[in-house]
Structure formats: C-alpha cells, structure tokens
Amino acid sequence: MKVLVIGGGAREHALCRSLSLDPDVTALHCAPGNAGIAEVAELHPVDQLDGDAVARLATELGAELVVVGPEAPLVAGVADAVRAVGIPVFGPSREAALLEGSKAFAKDVMAGAGVPTARSYVCTTPEEIDEALDAFGAPYVVKDDGLAAGKGVVVTGDVEQARAHALACDRVVIEEYLDGPEVSLFAITDGTTVLPLQPAQDFKRALDGDEGPNTGGMGAYSPLPWADPKLVEEVLETVLQPTVDELRRRGTPFSGLLYAGLAITSRGVRVIEFNARFGDPETQVVLARLKTPLAGVLLNSANGTLADQAPLNWSDDAAVTVVVASHNYPDTPRTGDPIEGLDEVAAQDAPHAYVLHAGTKSADGKVVSAGGRVLSVTATGTDLAQARERAYAAVGRIRLDGSQHRTDIARKAAEA
C-alpha cells in the first residue's frame, strides 16, 4: 500500500523506518519530514496543521493510509479532513483528540469511565489557584490545560513557582502528586477493540539524576524488567478499555493511538495523563522491538477491523534511545549547527544501533540542527546493559557543537 506520514520529528522517523521495512508498503511519503526521513521516504512540503492541504496531498499521491504523527494536527482536525475525502487515516478525530488537547476534558472522561487518576481541580482565577495549591500542598503539580509539547507541566516544592506557572496559563489543572515510577503504555484502537503495545519508560528532566527542567523527553527504554508481568493486562482492563468505551458512549469514538502516562503508586496504578498519539521518545524503543509489520496494524485501526488483527509479535531484545539535544534546550535552542558522525554510526554500529532524526534539515549538502531535540540514537541488545552500551557508543561518534545528552538513560534498570 501507499502510505503518507504527517510530521517531521524522531517519532515520525521511527514510524517511517518501521513502515519502510514492511513488505506491504510499496510507496512511503512524509510531509514535511526531515533530513533523516528523506533517506526512507519521499518528502513533501505541507502545512501539517492545514487539514485541507494534507487531504489534497494524500489524494494527489493516491495514499491508501495516512498516519498522523504529532498531537497538534490531530487537535486541529487533520484526521477528519482526510477521512472526509475517503482515505483511511490512523489518528483520532478533533473531538476525540481533546483527550490530549484538554487536561480538563481528559479528567471528565476518566471520571465517567471510572479510571483511577489523581484528584484535581480545574482553575481559571487566581483565587481558585490559591485554594487548589493550598488544598494539595507540596509537591505541587500544575498542568496547562492545552497543548504544550510536553513542557506544560511543572512539578515543584516551591509554591511561588507553582503559582507563577498557573497564572501564566488561561486554564490550569492542579492535582495531587503521584508517587512511584512512571510508565508509558501505548495502545492501538479502532474505537472498540484495544490492542496494547509493550510498556516503556521515558526520562523527562533535562539532566542526569532527573534534575533540571522538564523537556519533551531525553531518552527511553523497553522492556521494563522491574514491572509487574501483569501490568499491561491490568491497565488494559482498568484504564484503556474503559476509556475507549466511555468515548464511544459519548459519541466521540477514539480511533488511533491511545497513550496512557501512568504512575505506579503505593496505592496502585494511576493515570497521570492521556495523549492521542505515539509518544516521543518512547516510540523509538517500542517500535524497535515490534516484529509484526506495522502498516497492516495501523490500517486495521483506521478501518475498524482491529478485532481481525493477529496477536502482535515482539522481540525479546531490549531497546534504549538517547536524545541528543541542541545547545540551550529546553529554552530557546541554537540551530543551524552542522551534525557530523552520522555516516560513522551507519558504517560501524548498524544494524544494532541507528540514528533517528528529530530537529534536522539539509543545508548546502550537510545535515544541520533545526530544533531542540535533534537526534534519537536508538540501539537494541540482548538486555538493557548491551542496548545501553551500543546506544552510548553511537552517541559518542556524533559531533554537534554545544550539544547535550543525559548519560544515565536506563542505567538503574540495567543494573538492577
């Protein structure tokens, strides 16, 4: 089939890489893409938030499946525009994508579905903010109600910092702090059937030891050797299926990728947040372990035929991804710096390690940085220790002036 992927980050590069390895994919296109995606897919310039433009492109290309990667196009209704011209699309409608687009909407759905989550208040005035902060106490968890590219959440023991973040948002969700490790669990759904993937853990803070500011994610690993073997089954029964059933009951069926951000607390599993698309950088490690060809699974979601999908086949290997970020990330990043060493990784580390591009572009025959998170260096191995070793060996070959990366991705899990 001919497939068009919308987006241009490392998540989309991971999706395109998996789709390019699928024998059923005869032509692969990506819009707008990046320098790395250009090696496996034909790129097309498009405003990814313009549903009509995306639908026109899909029609012109004769696409038989459109995969919408990022959250912003989904919340903008791009999937609806593509569906309206009769092309199957992997990704929820604008209404269903509100599950990520509005924290308050997500809390309302969870309440209706009986999904375990943190107690919370939705605040719009300084008085409500003060009352909520006072009610929960430190550590304070303050979430911008809208999309913020993974950086709209502040967790702090400083009430003034919490209050300042809350006041900077039009509408804010303040909730109780959830203790325990965090887990990302993706599920593919057609609005009725829910097919969970393997869990992963990502690292949100910029610096080693989970210090520094929140980011979009600095690395990830899968599987989770410390997690309960029944975790996926439990989350399917208590979180994922009830949420999909509740959205269908409301008349806003959710088709696409449902991402549950979970805390494994002392009181059991709790939902931190929902996202309406594959997570970045967790997608990089989850897809590295998926042996089932991807296109057919996504098409079954788009066509409402996921019940016919055979069980997914997973590699026993572990996968680790390390994000190489630009100077000054997550503040305003420096861009335009040349990236060297990519050929060396391809020559010396493949097939066990490879580079997925995030914020890159081609300029004068060179690959240069074009965003905050620049590369996701991903590796597989028989266990996390070997995957880590291979990932960091590949990171060591890459030269990007002023770049930064964490040195402790998956270390604790690998040493346990």
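What counts, and where the lines are drawn
- Think of each chain on its own: its residues are numbered from 1, step by step along the sequence as written.
- Since the coordinates come from a predicted model, pLDDT governs what is reported: local features require at least 70, and pairs of side-chain atoms require 80 or more to be given and counted, while whole-chain, interface and lining totals use all residues.
- Here the side-chain values reflect all heavy atoms present in the structure, with hydrogen atoms and water set aside.
- Put simply, DSSP marks the helices as runs of H or I at least four residues long and the strands as runs of E at least two long, and each gets a number from the N terminus on.
- Computation of the radius of gyration draws on C-alpha atoms, with the globule rule given as 2.2 Å multiplied by the number of residues to the power 0.38.
- The buried label goes to any residue with under 20% of its type's maximum accessible area, the exposed label to any with over 50%, and the partly exposed label to all in between, with areas taken from a 1.4 Å probe on protein chains only.
- Residue contacts follow a heavy-atom distance rule, with two residues in contact if any of their heavy atoms lie within 4.5 Å.
- Under the convention used here, a 1.4 Å probe and the Shrake-Rupley method define accessible areas, while residue burial counts only the protein chains that appear.
- Only four residue types enter the charge count: Lys and Arg as positive, Asp and Glu as negative, with His and the chain ends excluded.
- Throughout, a charge is located at the NZ atom of Lys, the CZ atom of Arg, the CG atom of Asp or the CD atom of Glu.
- Patch rule: a residue counts if its relative accessible area is over 30% and it has no salt bridge; like charges are joined within 9 Å, and nonpolar side chains (Val, Leu, Ile, Met, Phe, Trp, Tyr) within 5 Å.
- A side-chain nitrogen of Lys or Arg and a carboxyl oxygen of Asp or Glu constitute a salt bridge if their distance falls within 4 Å.
- What counts as a disulfide here is a pair of cysteine sulfur atoms lying within 2.5 Å.
- Directions are taken from the helix axis to each C-beta atom, and the arc is the one they span.
- Polar contact is the term for a pair of N or O atoms within 3.5 Å; when the atoms are in protein, one must be able to donate a hydrogen and the other to accept it, and sequence-neighboring residues count only if both atoms are side-chain atoms.
- The pairing criterion is simple: DSSP has to find at least two bridges between the two strands.
- Definition of nonpolar core: a set of buried residues of the types Ala, Val, Leu, Ile, Met, Phe, Trp, Tyr and Cys, connected through side-chain atoms within 4.5 Å.

K.L.:
So what about the overall build of the protein chain? Which residues, and what values?
P.N.:
Check the secondary structure of the protein chain and you find 14 helices and 24 strands. Relative to the compact-globule value of 22 Å for 416 residues, the protein chain shows a C-alpha radius of gyration of 20 Å, a close match. Its C-alpha atoms put the protein chain at 55 × 45 × 40 Å along the principal axes. Taking all 416 residues of the protein chain together, 57% fall into the buried category. Taking the intrachain contacts of the protein chain between residues at least 6 apart in sequence as the baseline, contacts between residues at least 24 apart amount to 69%. Counting every atom, the protein chain has about 16700 Å² of accessible surface; 48% of that belongs to carbon and sulfur. Across the protein chain, the 35 positively charged side chains and the 58 negatively charged ones have centroids separated by 1 Å.

K.L.:
So what's going on with the environment of Asp317? Which residues, and what values?
P.N.:
When you line up the elements, Asp317 lands in the loop between α11 (294-303) and β18 (318-325). Look at Asp317 and you get partly exposed, because its relative accessible area is 30%. Measuring from C-alpha to C-alpha, the distance between Asp317 and Thr380 comes to 6.3 Å, with 63 residues separating the pair along the chain. With residues up to four places along the chain from it excluded, the contact list for Asp317 reads Pro223, Arg289, Thr380, Gly381 and Thr382.

K.L.:
So, a negative patch on the surface: which residues are in play, and what are the values?
P.N.:
A contiguous patch of negative charge on the surface is contributed by Glu127, Glu128, Glu131 and Asp134. As for its position among the elements, Asp134 is in helix α7 (residues 126-136). A relative accessible area of 65% means that Asp134 is categorised as exposed.

K.L.:
Talk me through the pattern of salt bridges; I want residue IDs and the actual numbers.
P.N.:
Counted according to the given criterion, the structure contains 23 salt bridges. For Glu12, the salt bridge identified is with Arg11, shortest N-O distance 2.7 Å. What makes Arg11 buried here is its relative accessible area of 8%. In this structure, the salt-bridge partner of Arg171 is Asp145, at a minimum N-O distance of 3.2 Å. Of this pair, Arg171 sits in the loop between α8 (159-167) and β9 (172-175) while Asp145 sits in the loop between β7 (140-144) and β8 (153-156), placing them 26 residues apart in sequence. The class of Asp145 is buried, set by a relative accessible area of 8%. Here the salt bridges share partners, and the residues they tie into one network are Arg11, Glu12, Glu71, Glu100 and Arg277.

K.L.:
Describe the state of the cysteines, and please don't skip the residues or the numbers.
P.N.:
Applying the stated criterion across every chain yields a total of 0 disulfides. Not part of a disulfide, Cys30 finds its nearest cysteine sulfur in Cys16, a span of 4.1 Å. With no disulfide of its own, Cys123 lies closest to Cys169 among cysteine sulfurs, the gap being 11 Å.

K.L.:
Give a description of α8 that names residues and reports values.
P.N.:
Taken together, the buried positions of α8 are Ala162, His165 and Ala166. For α8, the arc enclosing every buried residue in end-on projection is 100°, short of the 170-degree limit, so these residues lie on one face. In this structure Asp158 caps α8, since a side-chain oxygen of it lies 2.9 Å from the backbone nitrogen of Glu160.

K.L.:
I'd like a description of the pairing of β7, backed by residues and values.
P.N.:
Look at any regular strand and the pattern is simple: side chains alternate between the two faces of the sheet. Within β7, 4 of the 5 residues are buried, which leaves the element mostly enclosed by the surrounding structure. Where β7 and β8 come together, 4 bridges link them in antiparallel fashion. From the neighbouring strand, Lys143 faces β8, where its bridge partner is Val153. Direction of pairing for β7 relative to β9: antiparallel, over a ladder of 4 bridges. Bridge pairing in β9 links Val141 to Glu175.

K.L.:
Tell me about the nonpolar core, and please be specific about residues and values.
P.N.:
Residues Leu4, Val66, Leu99 and Val320 are the most contacted members of the largest nonpolar core, which totals 73 residues. If near-sequence neighbours (up to four positions away) are discounted, Leu99 is found in contact with Phe105, Ala106, Val109, Thr243, Leu247, Phe254, Leu258 and Phe274.

Purely geometric stuff here, so don't read any function into it on its own.
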